[in-house]
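# An overview of the molecular structure
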Amino acid sequence: MIVFKVNGKARTFDGDPDMPLLWYLRDVAGLTGTKFGCGMALCGACTVHKNGAAIRSCSTPMKTVSGSEITTIEGIAPMHPVQAAWMEIRVPQCGYCQSGQIMQAIALLKKNKNPSDQEIDTAMSGNLCRCGTYQRIRAAIHQAAKHQAAKHPAAKETA
Amino acid sequence: MKLIENVSRRGFLEGTLATGVFILGARLIPGPLWASEGEAAPAPLQPSLWMAIAPDGTVTIVAHRTEMGNGIKTSLPIVLADELGAAWSRVKVEQALGDPKYGDQETDTSHSVRDFFDLMRQTGAAGRLMLIRAAAAHWGVPAAECNTREPHFVRHRPSGRKLGFGELAEAAAKQPVPSREELQLNPRSAWRYIGKENHHLYDLPDMINGKARYGIDQAIAGMVYAAVARPAVLGASVKSHDDTEALKVHGVKQTVVIETFKPPHGHQPMGGVAVIADNTWAAFQGRRKLKVEWDNGSHVGYNSEEFRMTATETARKPGQVIRNLGDVDAAFQKGGTVLEAEYYTPHLAHAPMEPPVAVVDVRDGKAYCWAPTQDPQQLQKTLADLLGIKPEDVICHVTLLGGGFGRKSFQDFVAEGAVLSQKLHKPVKIVWSREDDIRFCYYHPSAAMYLKAMVGSGGKPSAWLQRSVFQGSASTSDAEVLYPGQDEIDNGWTDVPFDIPNHRAESGAARANVRIGWVRSVTNIFHAFGVQSFADELAHAAKKDPVQYQLALIGRDRKIDFSGTKYQNYGASLDQFPYDTARLKRVIEIAAEKSGWGKRSTELGKGHGLGIAAHRSFLTYVATVVEVEVDTRGQVHIPNVWTAVDAGTVVSPDNVRYQMEGAAVFGASLALFGEITATNGAIIQSNFNNYPIARMNRAPRHVEVHIVESEAPPAGVGEPGVPPFAPALCNAVFAATGKRVRELPLSKTKLV
């Protein structure tokens, strides 16, 4: 029996311990905001947070999530600054990869309050977008950094 | 018979029939006069239903075309909302089921707005007039004194009285439908949303919080999950299979053999063995444990490298003449400087981020499906044929698409689900892995092109010969077909816009051994690559500036004369949508100016270069300037792209920028990395490791889009940005390195 949390809620799982977290989230828990893209950690569509860090849920077996805190796009507080920036810059086209992009961007901004273009490229290059929204993603991350800094003046100084 | 009809008493979509709702439809299909009130008419004669106003003021507008990142679920409804006088914030957009009553629903070749712009305006204007007349009648004032200048209200100008759309809905529904002659379309100056920046994608909020529902997110009670082991070679069938190990996988229930199609393959399943399980992962795992022996058919002999050599040879010889001006042979015999070049582009896969997936429930003689399809009516036909039921008994819910790019114009994946659901008497969710998607695609054809020109002293050609050889998509319905369809050879080939007295375009024969299907922007991808690369080669050979050379090559302002050809002009009339060289030159001038062409190219450092290409496709004119930086390892970086686009009247400028920005990334993917190969009939690539698409660190860093203001009728937006990108990039690489790229992907050419 694997015991863990998803979006703050306690969960247990006693199925195939090799099942990737992605398919648990989608097919078992019904949390379909996290997307399937490649199954090999090549595209980032399945990005969620494990204890606050971005991971690829398609390549994370259930047996490795025991005791951890998983956060999916559904568990992000409504209108997180990153989501607000995504709205303002109108990032999505088809939208399919955007849950993963947003989860990756939130994890980036947690570690780096004011990333440079270069740092954004490095952090986001594992997340594919076939529609080609990269330019807007980069702009939205800068915008979100500004939002966060404005909300938390202390963050400004360290930025 | 009226174009627009009041169908308030006939119900609207599913379960929205309520009293006091005002509903307008439009008749798209000619048929006998509308049956008397309350009498159900046969489906093909029903008017399509476009909008409804509920007593609470909610305006519901139907989106009948597929949303896949193209923005169409917003672009057409907002046109109707604008004419109606509605506030966009009060509009609810409902996706239509697949149904011929909506007219064309095949969302490809970038014609949604072009084909439905007028109908949306007329329907909205009819609704507005009926609301105004209802209000005027209520107040006992002339309708001419009322307007909808305040969104969602009818106001009586002299008295200042106003009534909301919701309050007026019931009375408006009782007004006679105005004739087309009575309709007064808003002048452009009064447009509130069309051409404005004040709206975003309808589904944007859901897309950023994980609530948007794509095909892969559909689920119905009692459904099982299926993954199919398909034959690597087209047309192969299951000789035997052993599912002993597969059935031991936790969650696997059973296996089912799917018969291989009888040629032609069309939209049918490829055949194979399906593993049925109670979740996707178990189905994938079970499939991995299957042992299948295949009977390979004739396509096992297909090797893409051999095709390249054969097609290249074919392009060296005379083919079918598509367009012929003057006398090319005589001109070449006169003698002069002759340049020739051969270009080649490989197969491509669409690789939408959401792989093919569907939920299908076949029961009681009907098939219910939830599918990310670009063509729901084709889906209805395909499933009807397979299941032996009527197309109208296929109820197709079109979900949001996680990208399409042409892949989801084919219904084979939904057909697999239907076959399985029929056999299992259960709803089935069929899920394709990325490997399935890349190995069992309908591939963009590989193309060999040969170009030859004779240039005079000024560098301008006096004779030009062009030959193109590629597998036609008609091979999906006729395995013996050898020449491309007229539309396929037209795009970017019949319509080369250069002003050359002796000019011949030809097409050569090629046999398809894999399923062929178009990737975003169709044959324009390789035709623009061949023609625009060759034009650049001629410019450099003549020691002319490529921009000035291209403008001279296009020549005087004119509407191109296609007499003597069978040019189809994307299905549009040449009167309404002529090929206007002035518009093409204009976008070239704008792209060049915005990029600082000339000044900038002299300022760029070592390893940097600018390239330009221009192309009209889907009736839209696009010119793109690409700046490249080729580093010391020969890796290509794309710091800047400038695109100028003339798409006629634009509904959403932001969506045009979106599509052009996206097209640059899509173009970069195919130009830098895009290559599908086959050995012994089997596709070699399988996932994003060996079929890469551009990541953020390799994609164009900055794309600047300039939209030409135009009152011409609306043209295509989703695809036209793609074709000029690859040649502009390769022309920039030449400027930076002196290396000419004649084969895609670019990684084939050693740059250092």
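No experiment lies behind these values; they were computed from the predicted model shown.

### Regarding the overall build of chain B
Looking only at helices and strands, chain B has 18 helices and 28 strands in total. For 752 residues, the compact-globule formula gives about 27 Å, and the C-alpha radius of gyration of chain B, at 27 Å, lands near that figure. Each principal axis of the C-alpha atoms in chain B carries an extent, and together these give about 80 × 75 × 45 Å. Scored against the burial criterion, the 752 residues of chain B give a buried share of 65%.

### Brief notes about the confidence of the model for chain A
Model confidence for chain A is summarised by a mean pLDDT of 95, while 95% of its residues fall at 70 or above. In this model, residues 154-159 of chain A is a region of pLDDT below 50 whose contacts with residues beyond four sequence positions or in other chains number 4 contacts.

### Let's talk about the sheet that holds strand β6 (residues 146-147) of chain B
Residue and element names in this part refer to chain B. Sheet architecture is open: 3 strands sit in the order β6-β7-β8, paired in antiparallel fashion. Among the strands making up the open sheet, the edge pair consists of β6 and β8 (162-164). Bridge count for β6 against strand β7 (residues 153-156) is 2 bridges, and the pairing is antiparallel. Across the sheet, residue Asn147 finds its bridge partner in β7, namely Arg155. With respect to the sheet, helix α3 (residues 165-173) is in contact with β7 and β8, its orientation differing from that of β8 by roughly 80°.

### Considerations on the interface of chain A and chain B
The interface of chain A with chain B comprises 49 residues on the first partner and 63 residues on the second. Of the roughly 4800 Å² buried between chain A and chain B on both sides combined, carbon and sulfur atoms contribute 57%. Together, Arg90(A), Gln93(A) and Arg130(A) form the three largest contributors to the area buried by chain A at its contact with chain B, with a combined 19%. In this assembly, chain A and chain B are joined by 7 salt bridges. Salt-bridge contacts for Arg26(A) lead to Asp217(B); the nearest nitrogen and oxygen are separated by 2.9 Å. In this structure, the connection of chain A to chain B is made through 29 residue pairs in polar contact (both at pLDDT 80 or more). Within the residue set of the side of chain A that touches chain B, elements represented by two or more residues are α1 (21-28), α2 (81-89), α3 (98-111), α4 (117-124) and α5 (134-151) of chain A. Grouping the amino acids of the side of chain A that touches chain B by side-chain chemistry returns 23 nonpolar, 14 polar and 12 charged.

### Some points on the packing of helix α13 (residues 524-541) of chain B against helix α14 (residues 546-554) of chain B
Residue and element names in this part refer to chain B. For the pair α13 and α14, interaxial distance at closest approach is 9 Å and the crossing angle is 110°. It follows from the interaxial angle that α13 and α14 lie roughly perpendicular. For the pair α13 and α14, the crossing hand works out as right-handed. Side by side, α13 and α14 meet where Gln532, Ala535, Asp536, Leu538, Ala539 and His540 of the first sit next to Pro546, Tyr549, Gln550 and Leu553 of the second. Per-class residue counts for the contact of α13 with α14 are 6 nonpolar, 3 polar and 1 charged.

Cut-offs and rules
- Residues numbered from 1 in each chain as written.
- Chains lettered and ligands numbered in written order.
- Predicted model: local features only at pLDDT ≥ 70, side-chain atom pairs only at ≥ 80, totals over all residues.
- Heavy atoms only, no water.
- Helix = DSSP H or I, 4+ residues; strand = E, 2+ residues; numbered from the N terminus.
- Rg over C-alpha atoms; globule rule 2.2 N^0.38 Å.
- Buried < 20%, exposed > 50% of the residue type's maximum accessible area, 1.4 Å probe, protein only.
- pLDDT = per-residue confidence, 0-100.
- Contact = heavy atoms within 4.5 Å.
- Pairing = 2+ DSSP bridges.
- Axes fitted to C-alpha atoms, helices over the stretch in contact; angles between N-to-C directions.
- Buried area = accessible area lost by both parts, 1.4 Å probe.
- Salt bridge = Lys/Arg side-chain N within 4 Å of Asp/Glu carboxyl O.
- Polar contact = N/O pair within 3.5 Å; in protein donor to acceptor, adjacent residues only side chain to side chain.
- Nonpolar A, V, L, I, M, F, W, Y, C, P; charged D, E, K, R; others polar.
- Parallel < 35°, antiparallel > 145°, perpendicular 65-115°, else oblique.
- Left-handed = near helix turned anticlockwise from the far one by under 90°.

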